[in-house]
Amino acid sequence: MRYEGDIYRPPSEAYSLLVQVTIGCTHNKCTFCSMFKKKKFRVRELSEVLEDLDDARRQYRRVNRIFLCDGDALALSNRRLMPILEHIRKLFPECERVTIYGRATDVLSKTDEEMRQLYEAGITMVYLGAESGSDEVLRRINKGETRQQLIEGVQRIEACGMQASVTFISGLAGKEGWKDHAIQTGTMISEMNPSYVGLLTLIVDPSVPMAKEIESGRMQLLTAEEVMEETLLLLENTNVTKTCVFRSNHASNYVSLRGNLPEDKEAMMAVLREAMGNHDMFKNELFRAL
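So, here is what we can say about the structure in this document. As the structure is a computational prediction, the values presented were derived from the model and not from experiment. (Residues numbered from 1 in each chain as written. Predicted model: local features only at pLDDT ≥ 70, side-chain atom pairs only at ≥ 80, totals over all residues. Heavy atoms only, no water.)

### Structural notes on the pairing of strand β1 (residues 17-20)
Neither face of β1 is exposed, since Leu-17 and Val-19 on one face and Leu-18 and Gln-20 on the opposite face are all buried. Note: β1 against strand β4 (residues 65-69), four bridges, orientation parallel. Looking across to β4, one finds that Leu-17 is bridged to Ile-66. (Buried < 20%, exposed > 50% of the residue type's maximum accessible area, 1.4 Å probe, protein only. Helix = DSSP H or I, 4+ residues; strand = E, 2+ residues; numbered from the N terminus. Pairing = 2+ DSSP bridges.)

### Some thoughts on the side chain of Lys-265
Along the chain, the position of Lys-265 falls in helix α10 (residues 265-277). Buried charge without a partner: Lys-265 forms no salt bridge, and the closest opposite charge is Glu-266, 5.5 Å away. A distance of 2.9 Å separates the side chain of Lys-265 from the backbone oxygen of Thr-238, its partner in a polar contact. Sequence-distant contacts of Lys-265, that is, excluding residues within four places in its chain, are made with Leu-235, Glu-236, Thr-238, Asn-239 and Asn-260. (Lys, Arg positive; Asp, Glu negative; His and termini not counted. Salt bridge = Lys/Arg side-chain N within 4 Å of Asp/Glu carboxyl O. Polar contact = N/O pair within 3.5 Å; in protein donor to acceptor, adjacent residues only side chain to side chain. Contact = heavy atoms within 4.5 Å.)

### Points about the layout of surface pockets
For the largest pocket, the calculated volume is near 1500 Å³. What lines the largest pocket is a set of 49 residues, and nearest its centre among them are Pro-10, Pro-11, Tyr-101, Thr-167 and Leu-200. Contributing elements (two or more residues each) for the lining of the largest pocket: β5 (97-102), β6 (123-131), β7 (163-170), β8 (196-201) and β9 (244-248). For the lining of the largest pocket, the element with the most residues is β8, which contributes six residues. (1 Å grid on protein atoms, 1.4 Å probe; cavity = no way out; pocket = protein on both sides within 12 Å on 5 of 7 lines; lining within 4 Å. Points joined across faces, edges and corners; volume = space filled by probe spheres on them.)

### Notes on the packing of aromatic side chains
For the coordinates displayed, the defined rule picks out five aromatic pairs. With a centroid separation of 5.0 Å and an interplanar angle of 85°, the aromatic rings of Phe-67 and Tyr-101 are classed as edge-to-face. Taken as a pair, Phe-67 in strand β4 and Tyr-101 in strand β5 lie far apart in primary sequence, 34 residues in all. Overall, Phe-67 belongs to the buried group, its relative accessible area being 0%. A centroid spacing of 6.2 Å and a plane angle of 55° characterise the contact between Tyr-254 and Phe-282, whose relative ring orientation is tilted. Within this pair, whereas Tyr-254 is found in the loop between β9 and β10 (257-261), its partner Phe-282 is found in the segment after α10, the two being separated by 28 residues in sequence. (Phe/Tyr/Trp six-rings, centres within 6.5 Å; stacked < 30°, edge-to-face > 60°.)

### Considering helix α1 (residues 46-59)
With 14 residues, α1 extends 20 Å from end C-alpha to end C-alpha; this agrees with the ideal 20 Å at 1.5 Å per step. The set of residues buried in α1 consists of Val-49, Asp-52, Leu-53 and Ala-56. For α1, the angular spread of the buried residues around the axis is 100°, confining them to a single face. Contacts made by the buried residues of α1 are with β1 and α2 (78-91). (Expected span 1.5 Å × (residues − 1). Arc of directions from axis to C-beta.)

### Quick look at the environment of Ala-289
Summarising the element assignment, Ala-289 is placed in the segment after α10. When the C-alpha positions of Ala-289 and Met-269 are compared, they lie 24 Å apart, and in sequence the two are 20 residues distant. With sequence-adjacent residues up to four places away left out, Ala-289 is seen in contact with Ile-203, His-250, Ala-251 and Ser-252.

### Description of unusual backbone geometry
Between Cys-69 and the following residue, Asp-70, the backbone shows a cis peptide bond with an omega angle of 20°. We note that Asn-142 has phi near 60°; this positive angle belongs to a residue other than glycine. Topologically, Asn-142 is positioned in the loop between α5 (135-140) and α6 (147-159). On the accessibility criterion, Asn-142 (33% relative accessible area) is partly exposed. For Asn-193, which is not glycine, the phi torsion reads 55° and is therefore positive. Following the sequence through the fold, Asn-193 ends up in the loop between α7 (174-192) and β8.

Structure representation (structure tokens):
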């Protein structure tokens, strides 16, 4: 397998075969993100991708899962994606699922028929970073997508048969906008009805534009207790109508939460309230990581 630059994948893809079909991120302008700043977006040659898959077949006796990277490989047209998926199906009949990073705008640029075609060809899940449900926060972090686009994108992923795994970031609005961020994110999750939600907690790399906002005082980071309060408000405003797997157990989080919405909502909120009164439950800053 050949890789260019640092490779990122969701935590749940730890044991998946990682295949680069694109390099970098088409947007690459979010003020909090440092993941693809050293890469200029380009599409890999199809022949290179197919050669990597052939090489993987020679190396591994069994491949259960395959993750297509980089940042938003779903930006590729179906004309480019389908030969890759067809080769995967031919080489790895044992493969249980193929997953991919995507943006809501990638989804919205495809027809319902095209999304269904990708699902039938093997893509079972799209990982999507929504970050916030607030249009104001999305504007400030230069997300390049609106609340409505994100909602519609996730709804279309779920409607075609795939599952959407959507990531949000606690503390992203700082002290000034935390209430709006929490409420709007909770109601966004309710409208999206995604299969999975992951909630990370903001850690700012010194190299990103947001670091300058913090240094200048234009943005103030939340304390651990304030993050608990924000998360509590988020969950209070989340009312999904189907089972949603909720995880806030990333290395960045102060307190680990695992449960399914709506059934475990009250139990997770109880953990947050307990942590607000017992700061010994907070992860030490030394052990938090991106």
